[in-house]
2 protein chains.
Amino acid sequence: MTSFEQPQHILLIDDDQELAELLSEYLASEGFKLSCCFDGTSGLAKAFDDDIDLILLDVMMPKLNGFEVLKALGSQHKTPILMLTAKGDEADRVLGLELGADDYLAKPYNHRELLARIKAILRRIDIAKNSNTHSSIETINNVTLNHGTRTVSCHQQEVILTGTEYQILHYLMQHHGQIVSKESLSETVLGRRLTSFDRSIDMHVSNIRRKLLSNSPIDKLKTVRGAGYIFLSGETQ
Amino acid sequence: MTSFEQPQHILLIDDDQELAELLSEYLASEGFKLSCCFDGTSGLAKAFDDDIDLILLDVMMPKLNGFEVLKALGSQHKTPILMLTAKGDEADRVLGLELGADDYLAKPYNHRELLARIKAILRRIDIAKNSNTHSSIETINNVTLNHGTRTVSCHQQEVILTGTEYQILHYLMQHHGQIVSKESLSETVLGRRLTSFDRSIDMHVSNIRRKLLSNSPIDKLKTVRGAGYIFLSGETQ
DNA sequence: AAGCCAATGTAAAGATTGTGTAAAGGTTGA
DNA sequence: TCAACCTTTACACAATCTTTACATTGGCTT
């Protein structure tokens, strides 16, 4: 999603000016904005700019070579780095990756592959960022679970559940539309075998039902006598 | 941070059982946990498990090949994927990356390089997730942190916190609106595992609460019984 | 259809666990 | 040594889980 808000800004650190121009044109045609630095020192300075989304870093350079730039940036640097190199040496690749590079491409490279790798890195960052903030929310049949806050809402209205109730509802929703036995609920959620006169699961389900029904006219939990419970998927049936 | 809470879990989808064993041993020695699936179908099913941190996906496989698994997972799948292939074909690499793979390694590969690539991907995800929150928090819900002077104010009035209290509040604010477990607070701030009768975190949180409440009528820290604490973002909820 | 019984619903009581916090005990650094 | 701070202890209390008890239901037999 962030990827389409504005052109992604790529910083190329490479002393080959001819290549820079070619690349700039190609990446522009793919919707990227390219800035160039022709030696390690100036590249290092620009690498800390907040609006740089990705760095293409050549290894062979005057003043400061690629590995030295990597070291200077540190492995926790927040902008991803794709290394470019004339040699395809494995030891170099490993060293680069260990120093904090995200990927490694040997020259001469195909533009399409470079583009694919750039996109792969940016896509992964985008997914990782969102997975954190929107911390996995799932909605089925008007019931929404928010794992980040361990909260539940039914028809857009919050419902207060206890920890165990939340886990049971979660498990039932994971298997929505299919029967979930009390045995598996007990083992998964309560962590113990279901014994003859243990009515805990029944009580928890009863409580969940009551709480959900305060926000919805229809029961979302169906009892299958002698078999277990089903969280109804909605629609037909 | 997340990286040290528990061993990272890697899923290998490959029909070569011998390789699987070798890899399992090697990765275990590096602190990873490896699960294996020997065909695409079962691998695909396991790929959706929440506790998988990274997938190693072989291209040549019975039932469903690597590309088909990729397609089935979709390019927005939240677990990163490293493709393994016998051929080093460039067209294959590009196709894999475009379909949603994060990286590509040709067999036979060096274990050290595989490890470096795995770590590079996981490191990048970790940084991306944290960059969201870690960067300049300053003010949330009328509570302001001033990193330069390590001072805190609540509703424009200074609050005196000890070092540990400051760190705990900082961590909670970094994850505002989300549950933060006592375990991760203990590990991150106190630098030790939370043990059965350790009440330090409770005490620190209690003290932070009291100090903040002297400047504000409403409690900014919510307790989620059995789960942890949330620094409330303000507004609704 | 009537009657029986096991399975289920659920209110209420009882047991257990997690949390808040005062106060005491330790630790550290000036 | 003292002061500031962190940790442990202790106890109260509230939230939650489990058990008990009884009502209700649905399927089965006769």
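Placed above this text is the structure.
In this report, the structure presented in the accompanying data block is examined. Just so we're clear, the structure is a prediction, and the values are computed from it rather than from any experiment.

Section: the overall build of chain A
Turning to step 1, where the next piece is worked out: Tallying secondary structure elements over chain A gives eight helices and 11 strands in all.
Turning to step 2, where the next piece is worked out: Per-residue burial over chain A gives 50% buried out of 237 residues.
Turning to step 3, where the next piece is worked out: Across chain A, the fraction of contacts at a sequence separation of at least 24, relative to all contacts at a separation of at least 6, is 57%.
Turning to step 4, where the next piece is worked out: Taken as a whole, chain A presents about 11,700 Å² of accessible surface, with 51% of it coming from carbon and sulfur.

Here's the deal with the protein's contact with DNA strand C
Turning to step 1, where the next piece is worked out: Taken together, 22 residues are adjacent to DNA strand C, and Arg199, Thr223 and Gly226 of chain A together with Arg199 and Thr223 of chain B come closest.
Turning to step 2, where the next piece is worked out: Near the protein, within 4 Å, the atoms of DNA strand C are sugar or phosphate in 41% of cases.
Turning to step 3, where the next piece is worked out: In the environment of DNA strand C, a base nitrogen lies 2.7 Å from a nitrogen or oxygen atom belonging to the side chain of Arg199 of chain B.
Turning to step 4, where the next piece is worked out: At the level of elements, helix 8 (200-213) and strand 10 (221-224) of chain A together with helix 9 (200-213) and strand 10 (221-224) of chain B are the ones that each hand at least two residues to the surface near DNA strand C.

Digging into the state of the cysteines
Residue and element names in this part refer to chain A.
Turning to step 1, where the next piece is worked out: Enumeration according to the criterion identifies zero disulfides over all chains in this entry.
Turning to step 2, where the next piece is worked out: Counting only cysteine sulfurs, Cys37 is the nearest neighbor of Cys36, a cysteine outside any disulfide, at a range of 7.7 Å.
Turning to step 3, where the next piece is worked out: Under the relative-accessibility criterion, Cys36 is labelled partly exposed at 29%.
Turning to step 4, where the next piece is worked out: A residue is classified by how much of its surface remains accessible, and Cys37, at 6% relative accessible area, is buried.

Describing the interface of chain B and chain A
Turning to step 1, where the next piece is worked out: Facing 39 residues of chain B, the contacting portion of chain A comprises 35 residues.
Turning to step 2, where the next piece is worked out: Both sides together, the interface formed by chain B and chain A hides about 3,400 Å², and carbon and sulfur atoms give 47% of it.
Turning to step 3, where the next piece is worked out: Three residues stand out in chain B for area buried against chain A, namely Leu97, Arg123 and Arg124 of chain B, and they jointly supply 18% of the buried area on that side.
Turning to step 4, where the next piece is worked out: At the junction of chain B with chain A, the criterion picks out eight salt bridges.
Turning to step 5, where the next piece is worked out: The shortest N-O distance in the salt bridge between Arg124 of chain B and Asp102 of chain A comes to 2.6 Å.
Turning to step 6, where the next piece is worked out: Of all the secondary-structure elements, those providing two or more residues to the side of chain B that touches chain A are helix 5 (90-99), strand 5 (103-106) and helix 6 (111-134) of chain B.
Turning to step 7, where the next piece is worked out: Looking at the side of chain B that touches chain A, its residues break down into 14 nonpolar, 12 polar and 13 charged.

Examining the packing of helix 6 (residues 163-174) of chain A against helix 7 (residues 182-190) of chain A
Residue and element names in this part refer to chain A.
Turning to step 1, where the next piece is worked out: One can describe the packing of helix 6 onto helix 7 by two numbers: an axis separation of 10 Å at closest approach and a directional angle of 130°. Put simply, helix 6 runs oblique to helix 7. Seen along the crossing, helix 6 lies across helix 7 with a hand that is right-handed. Contacts from Thr164, Gln167, Ile168, Tyr171 and Leu172 in helix 6 reach Ser184, Leu185, Thr188, Val189 and Leu190 in helix 7.
Turning to step 2, where the next piece is worked out: Among the residues forming the contact of helix 6 with helix 7, the class breakdown is six nonpolar, four polar and no charged.

Observations concerning the protein's contact with DNA strand D
Turning to step 1, where the next piece is worked out: Among the 20 residues in the neighbourhood of DNA strand D, the closest are listed as Thr162, Thr164 and Arg192 of chain A together with Thr162 and Thr164 of chain B.
Turning to step 2, where the next piece is worked out: For DNA strand D, the backbone makes up 73% of the atoms found within 4 Å of the protein, where backbone means sugar plus phosphate.
Turning to step 3, where the next piece is worked out: Between DNA strand D and the protein, one listed contact pairs a base nitrogen with a side-chain N or O atom of Arg199 of chain A at 3.5 Å.
Turning to step 4, where the next piece is worked out: In this structure, Thr162 of chain B approaches DNA strand D through a side-chain N or O atom, which is 2.6 Å from a phosphate oxygen.
Turning to step 5, where the next piece is worked out: For the surface near DNA strand D, the secondary structure elements donating two or more residues are helix 8 of chain A together with helix 9 of chain B.
Turning to step 6, where the next piece is worked out: The class makeup of the residues in the surface near DNA strand D is four nonpolar, eight polar and eight charged.

Focus on the sheet that holds strand 9 (residues 157-159) of chain A
For sheets, the rule is that strands pair by backbone hydrogen bonds, running either parallel or antiparallel.
Residue and element names in this part refer to chain A.
Turning to step 1, where the next piece is worked out: In space, the four strands of this open sheet follow the order 6-7-8-9, with antiparallel pairing throughout. At either margin of the open sheet sits one strand with a lone partner, and together these are strand 6 (137-140) and strand 9. Put simply, the sheet's adjacent strands are angled 25° from each other on average, direction ignored.
Turning to step 2, where the next piece is worked out: When strand 6 meets strand 7 (residues 143-146), the two strands line up antiparallel, connected through four bridges. Opposite Thr139, over in strand 7, you have Thr144 as the bridge partner.

Rules used throughout
Residues numbered from 1 in each chain as written. Chains lettered and ligands numbered in written order. Predicted model: local features only at pLDDT ≥ 70, side-chain atom pairs only at ≥ 80, totals over all residues. Heavy atoms only, no water. Helix = DSSP H or I, 4+ residues; strand = E, 2+ residues; numbered from the N terminus. Buried < 20%, exposed > 50% of the residue type's maximum accessible area, 1.4 Å probe, protein only. Contact = heavy atoms within 4.5 Å. Areas by Shrake-Rupley, 256 points an atom, 1.4 Å probe, with all protein chains shown as cover. Near = heavy atom within 4 Å. Polar contact = N/O pair within 3.5 Å; in protein donor to acceptor, adjacent residues only side chain to side chain. Disulfide = S-S within 2.5 Å. Buried area = accessible area lost by both parts, 1.4 Å probe. Salt bridge = Lys/Arg side-chain N within 4 Å of Asp/Glu carboxyl O. Nonpolar A, V, L, I, M, F, W, Y, C, P; charged D, E, K, R; others polar. Axes fitted to C-alpha atoms, helices over the stretch in contact; angles between N-to-C directions. Parallel < 35°, antiparallel > 145°, perpendicular 65-115°, else oblique. Left-handed = near helix turned anticlockwise from the far one by under 90°. Pairing = 2+ DSSP bridges.

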